[in-house]
Amino acid sequence: MSDSKSFFLLDERIRRFIWTQGWDQLRPAQEAAIPLIVEADRDVIVAAATAAGKTEAAMLPALTHLLRREPADGLVVYVSPLKALINDQFGRLEALCADLDIPVWPWHGDIASSQKTRFLKAPRGVLLITPESLEALLVNRGHAIAGTLARLAYVVIDELHSFIGSERGKQLQSLMHRIDLALGRRVPRVGLSATLGDMNMAADFLRPGCGRGVAMVNSGRGAGEVKVIVKGYEEPFVPREGDARGPREPSTPAQVAQHMYGVLRGANNLVFPNSRREVERYTHLLNSLCKADGVPPEFWPHHGSLSKEIRTDTEAALKRTDGVATAICTNTLELGIDIGPVKSVAQVGPPSSVAGLRQRLGRSGRRKGEPAILRGYSIEDAVTVESDLDVRLRVSTVQLAAMVGLALEGWFEPPVTNGAHLSTLVQQLMSLIAQRGGVMAAEAYRDLCGPQAPFSGVGKADFAALLRHLASKDLIVQEEAGLLLHGGVGERIVNHYSFYAAFAAEEEYRLISGGRPLGTLPLSQALVAGQRILFAGRTWRVDEVAEKERTIYVTQTKGGAPPLFTGESGRVHTRVRQRMREILRGEVEPGFLDPTAARFVAEARRAYADLQLDQVVLVDSGAQVRLFTWLGDAANEAIVFLLLSRGLTATLAGPGIDIQKGEMSEQGIAAVLADLAGCEIPQPEQLLAGAANIDREKWDWALPDVMLRRSYASLRLDPNEASAWLAEHAKSAA
DNA sequence: GACCTGCTGCGGCGTG
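Residues numbered from 1 in each chain as written. Chains lettered and ligands numbered in written order. Predicted model: local features only at pLDDT ≥ 70, side-chain atom pairs only at ≥ 80, totals over all residues. Heavy atoms only, no water.

Trainee: I'm lost on the packing of aromatic side chains in this one. Help?
Mentor: The description of an aromatic ring pair rests on the distance of the ring centres and on the angle between the ring planes. Scanning the entire structure with this criterion turns up 12 aromatic pairs. Measuring from ring centre to ring centre gives 6.4 Å for Tyr261 and Phe299, while their planes differ by 40°; the resulting arrangement is tilted. With Tyr261 in helix H10 (residues 252-264) and Phe299 in strand E10 (residues 299-302), this pair connects stretches of sequence that are 38 residues apart. On the accessibility criterion, Phe299 (3% relative accessible area) is buried. Relative to Trp630, the ring of Phe628 lies with its centre 5.7 Å away and its plane at 25°, an arrangement referred to as stacked. Both residues of the pair, Phe628 and Trp630, belong to the buried class. Ring-pair connections join several aromatic residues into one group, and the members of that group are Phe7, Phe8 and Trp19. Its end group placed over the ring of Phe455, Lys170 keeps NZ or CZ at 5.6 Å from the ring centre. (Phe/Tyr/Trp six-rings, centres within 6.5 Å; stacked < 30°, edge-to-face > 60°. Helix = DSSP H or I, 4+ residues; strand = E, 2+ residues; numbered from the N terminus. Buried < 20%, exposed > 50% of the residue type's maximum accessible area, 1.4 Å probe, protein only. Lys NZ or Arg CZ within 6 Å of the ring centre and 35° of its normal.)

Okay, structure coming up:
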């Protein structure tokens, strides 16, 4: 410690705590962050790899700052995306703060109201809170908020990257802004994050309009050794029996499970099969193998529909010291929660993003001297004369290889920061009315849409149109003096606790066995009594579906299929599609393929050459033609809407777009494309004129039509990339 | 053919 300058900036009592912990040095991120944070005079972003001591990097200097005052009655608000993270941090901070006489207050939906009342009586120390609970504080105690937060010295945002580009992130920006307005000063913001691709983007998120003033600590990822293999498996073609009903269960997952069983047993690992359904399938297959061998089960399921109890069991199994538990999971185990280092990570099929894959890989090889291990598994159908283009081009294997390759090179998708999230503007306006007991329209516009406000892109005319629209739905009313208040409908919505979250959630059935909650299933699931399902790694018989109570009663049984979960598929970035093409052209040679996966790539290259996809953009496949753009989904979807506007039926199809021929010939479609290439791309309100079903966010239903279309387009479409591609390639289609 | 996150106030009742 003697050579550390930052160590001596810390309060003496904190230095003593560090000594008693036996830390022999500060981590690089802490060393760099302490001098920037200790004066509480600027915004700071600390980006560092997982487990690099980011929380301490922020809290040690922040607590030092509080201790400089006598009495130490200052306040730090720490915002976390997860309740579990708040509980983790509470345990760690309490040990430190007990010696300092600084109270630490966890505050989220599971915390008793008596504890919250105690904080409100003497609001000092460290408040650990979720964005939703902060929203509730502003709605319900808005009149007193300036007093409660009077001594606020910092707002610390943990897992900053998880907020960027979402409704929840927009809400968080608005909450921070409203706190600054209530206090009449700029409260320093500290953002903690896993390494970010673009620090400037993150800075502009943390302090909209003033990103340049944010100080940065980027301590980078320790470039450890990574061992990678991608294994291919082929699902044989089996002709369908005449009396067979419904889709046949595939046989290949059992082989994949057999391989995993051989290489994963006896250690801690994470397996990511991309969906809750596949988590159920693989957990069941793997534990069946344990049973056949007469050994205790060591594979544990973890996903968002499982009850808290079952998830906690899995987390506890991973943390146990014997180290022989593997979790089969969705991205519930991608973020934050401390489960300790794992030996390896398995990825079944392409992940939803390279950024997610990188985060998953970061869970492995954290012990010194040990490499991170990634095993990719790719299952392809056998090729027959009837196989479609995706099978012939081995799209899933090529995409997995492309994404693994990009992750190894350190590339990952930048967050999508241009989403307008006007849904959240509706929420924030309603919340502001509650906080202040009514607002004037001009005041609301200035505070939500003004120069450094979260919705600064919204014009005055649009805001006025929004107000009129909200009034027509009785969400708000305007008094004669001009004051905006809640309408009857608005009153009811704001007074229910479901108001505080900025994001929408699916309605779900509870699953109960013998009085024990197992978890939830989406409402769209069609289930009848007598049916058998896989859930929580076991097989159950449905005894009763109680519609009114939204509850499914089950008992344990043998044999059953994994349940269906519904949803949309992930969005692929253009860089991934470009890399896929580089692999297909032979410009990039993935060096991590097993013989079967290498054969898949060889077959894909042959198909790519046979179809002449280097020159051809339109491929006839019977009732439809595939337009190969090799663009990301945002550009492809913009082209889809352009085609729809010309009366064609088009849908996203992996690296391209499927266009129904209908009355038209391939030449006719090519002519439409050539024509589109010469036209200017219309504004989103025209491009999406005929589009139905574009509600995506929680309060989208309350937006005027034009604003809804604009909000959807800002979030999902890249018209510029689409138009650039059309200008360059659509002529060659003809 | 995807995944994840979150939630108050208050009345009524029983117990120490």
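Trainee: Is there a simple way to think about the pattern of salt bridges in this case?
Mentor: A side chain of one charge can pair with a side chain of the opposite charge if their charged atoms are brought near each other. One pass over the structure, following the stated rule, counts 46 salt bridges. In this structure, Arg178 engages Glu135 in a salt bridge whose closest nitrogen and oxygen atoms are separated by 3.1 Å. A residue pair is termed long-range when its members are at least 10 positions apart, and Arg178 in helix H8 (residues 167-183) and Glu135 in helix H6 (residues 131-140) qualify at 43 residues. Looking at Arg178, the relative accessible area reads 1%, which means it is buried. (Salt bridge = Lys/Arg side-chain N within 4 Å of Asp/Glu carboxyl O.)

Trainee: Looking at this structure, how should I read empty space enclosed by the protein?
Mentor: Any empty space left between the atoms is revealed when a probe the size of a water molecule rolls over them. Inspection of the entire model under this criterion finds 1 cavity of 30 Å³ or more. Its volume calculated, the largest cavity comes out at about 30 Å³. Ile694, Arg696, Glu697, Asp700, Leu708, Ser711, Tyr712 and Leu715 are the residues that line the largest cavity. Among the residues making up the lining of the largest cavity, the classes are represented as 4 nonpolar, 1 polar and 3 charged. (1 Å grid on protein atoms, 1.4 Å probe; cavity = no way out; pocket = protein on both sides within 12 Å on 5 of 7 lines; lining within 4 Å. Points joined across faces, edges and corners; volume = space filled by probe spheres on them. Nonpolar A, V, L, I, M, F, W, Y, C, P; charged D, E, K, R; others polar.)

Trainee: Before we go on, may I ask you to explain helix H9 (residues 199-206) in this structure?
Mentor: An α-helical turn contains 3.6 residues, so any two residues separated by three or four positions project in the same direction. Here H9 has its buried residues at Met199, Ala202, Ala203, Phe205 and Leu206. When H9 is viewed along its axis, its buried side chains cluster within an angular range of 160° and face the same direction. Contacts made by the buried residues of H9 are with strand E1 (44-47), strand E5 (152-157), H8, strand E6 (189-193) and strand E7 (215-218). Structurally, the start of H9 carries an N-cap: the backbone nitrogen of Asn200 is 3.0 Å from a side-chain oxygen of Asp198. (Arc of directions from axis to C-beta. Contact = heavy atoms within 4.5 Å. Polar contact = N/O pair within 3.5 Å; in protein donor to acceptor, adjacent residues only side chain to side chain.)

Trainee: Whenever I open this one, the sheet that holds strand E14 (residues 439-440) confuses me. Can you help?
Mentor: Whether parallel or antiparallel, the strands of a sheet pair through hydrogen bonds between backbone atoms. A sheet is described by the order of its strands in space; here 3 strands give the open sequence E14-E16-E15, paired in antiparallel fashion. In this open sheet, the two strands that pair with only one neighbour each are E14 and strand E15 (476-478). Note that E14 and strand E16 (residues 483-486) share 2 bridges and pair antiparallel. Opposite Met440, over in E16, you have Leu483 as the bridge partner. (Pairing = 2+ DSSP bridges.)

Trainee: Looking at this structure, how should I read the nonpolar core?
Mentor: Most often, soluble globular proteins keep nonpolar side chains buried together rather than apart. Leu425, Phe463, Leu627, Leu643 and Ile659 are the most contacted members of the largest nonpolar core, which totals 64 residues. Once you skip the residues sitting within four places of it in the chain, Leu627 turns out to touch Val617, Leu618, Ile639, Gly656, Ile657, Ile659, Leu673 and Trp725. (Core = buried A, V, L, I, M, F, W, Y, C linked by side-chain atoms within 4.5 Å.)

Keep in mind these numbers describe shape, not what the thing actually does.
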